[in-house]
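Residues per chain, in single letters:
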Amino acid sequence: MAEFKIAPSILSADFARLGEEVVNVLASGADIVHFDVMDNHYVPNLTIGPLVCDALRKHGVTHEIDVHLMVKPVDRIIPDFAKAGATFITFHPEASEHIDRSLQLAKDEGCKTGLVFNPATPLSLAEHVLDKVDRILLMSVNPGFGGQKFIPHTLEKLRQARKMIDESGYDIDLEIDGGVNVNNIREIAEAGARTFVAGSAVFGAGKDSDPNRYDSIIAALREELSKAKI
């Protein structure tokens, strides 16, 4: 049976108390901290850098930190995030002059690697580097802002990516990011995703009555995933 992982995006957390937010969402049953890095160049927004990643580690966060680089160029910043405690470093192929080299750089720094595909970016860009990739992340929105709606044709792209990964023989995770919520996570899982990034759907559904604030929403997502037929 497939193992599903929930990766709340801290882009939607309360930054005034970020350490507390991350601790609570992990205690609620989330698996991964998804860390969105934007540079106001590759995407039209500006977010957070390695110092915040390092601060979370120093705050006691031991779970996987999945750093999604929406920056260009990527090579300069990869070692900084590796030093700051990133587990995964994923980047967009359009943001690298030499995809193979950038992947190897992250590997050499001790991180796992991933490639991120925008809605209109073809999966063929991964074909010749699958041996260096630990995760493929499909964007189901155009990157840059949280709270967007899921783009429906991403489901077919997920099926294609699932087929490519299964036929490759490599152990590659398939992740989805953008518009994931309780109403569509089951269908997304059935299309092939195994890791689910959710920002506003999680951090926007906190309850003061929950022991860790996010217990109810994480449980609701898990309940839907348990119904997936794969």
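Since the model is a prediction, treat every value here as computed from it, not as a measurement.

Per the UniProt record, "active site" (unreviewed entry) is found at Asp-36 and Asp-177. Judged by maximum C-alpha separation, these annotated positions cover 142 residues in sequence but sit close together in space, the widest gap being only 10.6 Å. The topology assignment puts Asp-36 in strand β2 (residues 32-38). We classify Asp-36 as buried; its relative accessible area is 5%. Beyond its immediate stretch of four places on either side in the chain, Asp-36 contacts Ser-9, Leu-11, Thr-47, Ile-48, His-68, Met-70 and Asp-177. At 3.1 Å, the side chain of Asp-36 forms a polar contact with the side chain of His-34.

The next point concerns the UniProt feature "binding site: a divalent metal cation" (unreviewed entry) in the protein chain. Residues given the UniProt feature "binding site: a divalent metal cation" (unreviewed entry) here are His-34, Asp-36, His-68 and Asp-177. In summary, the annotated positions, though distributed over 144 residues, converge in three dimensions, the widest C-alpha pair being only 10.6 Å. Judged by relative accessible area, His-34 falls into the buried class, the value being 0%. Excluding its chain neighbours within four sequence positions, the residues that come into contact with His-34 are Ala-7, Pro-8, Ser-9, Ile-10, Asp-66, His-68, Leu-137, Glu-175, Asp-177 and Val-197.

What follows deals with the nonpolar core. Within the largest apolar cluster, 71 residues are counted, with the highest numbers of intra-cluster contacts made by Phe-35, Ile-136 and Phe-196. Looking at this core element by element, the count peaks at five residues for helix α5 (residues 154-168). Setting aside chain neighbours within four positions, we find Ile-136 in contact with Leu-115, Phe-117, Ala-126, Leu-130, Met-164, Ile-165, Ile-172, Asp-173, Leu-174 and Glu-175.

For the structure shown, the criterion picks out zero disulfides. Here Cys-53 is not disulfide-linked; the sulfur of Cys-111 is the nearest cysteine sulfur, at 8.8 Å. Among the residues examined, Cys-53 registers a relative accessible area of 0% and is labelled buried. Looking at Cys-111, the relative accessible area reads 5%, which means it is buried.

With that settled, consider the sheet that holds strand β7 (residues 173-177). The eight strands are arranged β1-β8-β7-β6-β5-β4-β3-β2 in an open sheet whose pairing can be described as parallel. Looking at which strands have only one partner, the edges of the open sheet turn out to be β1 (5-8) and β2. Shown here is a sheet whose adjacent strand axes are inclined to one another by a mean of 25°, direction ignored. Here β1 runs beside strand β8 (residues 195-198); their pairing, made up of four bridges, is parallel. Among the inter-strand pairings, Ala-7 is bridged to a residue of β8, identified as Val-197.

Tracing the chain through its elements places Arg-194 in the loop between α6 (185-191) and β8. It is Asp-166 that comes nearest to the buried, bridge-free Arg-194 among opposite-charge side chains, at 6.4 Å. Among the polar contacts made by the side chain of Arg-194, one reaches the main-chain carbonyl oxygen of Ala-189 at a distance of 3.2 Å.

What follows is about the environment of Arg-76. Relative to the assigned elements, Arg-76 resides in the loop between β3 (64-70) and α3 (78-84). Sequence separation between Arg-76 and Ser-102 is 26 residues, and the spatial gap between their C-alpha atoms is 9.7 Å. Within polar-contact distance, the side chain of Arg-76 engages the side chain of Asp-80 at 2.6 Å.

Moving on: unusual backbone geometry. Pro-73 follows Lys-72 through a cis peptide bond whose omega is 0°. Here Pro-73 is to be found in the loop between β3 and α3. For Asn-40, which is not a glycine, the phi torsion comes out positive at approximately 60°. By the element assignment, Asn-40 lies in the loop between β2 and α2 (50-58). With relative accessibility at 52%, the residue Asn-40 sits in the exposed group. Even without being a glycine, Arg-213 presents a positive backbone phi close to 75°.

Reading the values: the criteria
Residues numbered from 1 in each chain as written. Predicted model: local features only at pLDDT ≥ 70, side-chain atom pairs only at ≥ 80, totals over all residues. Heavy atoms only, no water. UniProt positions renumbered as here; feature names shortened; annotations may be inferred. Helix = DSSP H or I, 4+ residues; strand = E, 2+ residues; numbered from the N terminus. Buried < 20%, exposed > 50% of the residue type's maximum accessible area, 1.4 Å probe, protein only. Contact = heavy atoms within 4.5 Å. Polar contact = N/O pair within 3.5 Å; in protein donor to acceptor, adjacent residues only side chain to side chain. Core = buried A, V, L, I, M, F, W, Y, C linked by side-chain atoms within 4.5 Å. Disulfide = S-S within 2.5 Å. Pairing = 2+ DSSP bridges. Axes fitted to C-alpha atoms, helices over the stretch in contact; angles between N-to-C directions. Lys, Arg positive; Asp, Glu negative; His and termini not counted. Salt bridge = Lys/Arg side-chain N within 4 Å of Asp/Glu carboxyl O.

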